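# Notes for the structure review
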Amino acid sequence: QVQLVESGGGLVQAGGSLRLSCAASGRTFSSYNMGWFRQAPGKEREFVAGISGSGGSTYYTDSVKGRFTISGDGAKNTVYLQMNSLKPEDTAVYYCAAAMLPFLGAVVIRTRPREYAYWGQGTQVTVSS
């Protein structure tokens, strides 16, 4: 079991930056594939970025490559999403999610929401033009 709490959302102008945090309690996140998803009004929840275990592998959706960076801090059991060069189309509620790895050290990054068992409550990101 793992509990996830996101923070760091807010209102920012286009071109600005935000850093989201996801604090995990329970088992250490090195046992999990961690993902960031987002959901805009009237749209389906979509994958944004993922990191496998202790952070050796990452993966991004095309629309955020080069602008967003996912990283993890094992000592703090926290995953981050650094978002730069934000655009109005990045406006959404951002969710952190966790899916257990099949074994420690496995390199797995899932991209579908149904593959993740644990979710945070979400944090709103609004980018004004």
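Before reading on, note that the structure itself is shown above.
Attention in this report is confined to the structure presented alongside it. No experiment lies behind these values; they were computed from the predicted model shown.

## Section: the overall build of the protein
Each helix and strand counted, the protein has zero helices and eleven strands in total. Helices and strands appear in the protein in the N-to-C order β-β-β-β-β-β-β-β-β-β-β. Evaluated residue by residue, the protein yields a buried proportion of 43% over its 129 residues. Contacts in the protein between residues at least 24 apart in sequence constitute 62% of all its contacts with a sequence separation of at least 6. Element-wise, carbon and sulfur atoms account for 49% of the exposed surface of the protein, whose accessible area totals about 6400 Å². Of the side-chain charges in the protein, 12 are positive and 8 negative, and the distance between the mean point of each set is 4 Å.

## Considerations on the environment of K65
Along the chain, K65 turns up in the loop between β6 (57-60) and β7 (68-73). Sequence separation of K65 and Y116 is 51 residues, and the distance between their C-alpha atoms is 22 Å. One polar contact links K65 to D62, side chain to side chain, over a distance of 3.0 Å.

About the cut-offs
- Residue positions within a chain follow its written sequence, with the count starting from 1.
- In view of the model being predicted, local features appear only for residues whose pLDDT reaches at least 70, and side-chain atom pairs are presented and counted only at 80 or more, with totals across whole chains, interfaces and linings using the full set of residues.
- The side-chain values count all of the structure's non-hydrogen atoms but skip hydrogen atoms and water molecules.
- Secondary structure elements follow DSSP: runs of H or I of four or more residues count as helices, runs of E of two or more count as strands, with numbering from the N terminus.
- Exposure classes here rest on a 1.4 Å probe applied to the protein chains alone. A residue is buried below 20% of its type maximum, exposed above 50%, and partly exposed in between.
- Residues are treated as being in contact if the distance between any of their heavy atoms lies within 4.5 Å.
- Areas reported as accessible are Shrake-Rupley estimates using a 1.4 Å probe. Residue values count occlusion only from the protein chains shown.
- The convention is simple: Lys and Arg are positive, Asp and Glu are negative, and His and the chain ends are not counted.
- For this purpose, a charge sits on NZ of Lys, CZ of Arg, CG of Asp or CD of Glu.
- For this analysis, a polar contact is any N or O atom pair within 3.5 Å, provided that within protein one partner can donate a hydrogen and the other can accept it, and provided that sequence-adjacent residues contribute only side-chain to side-chain pairs.

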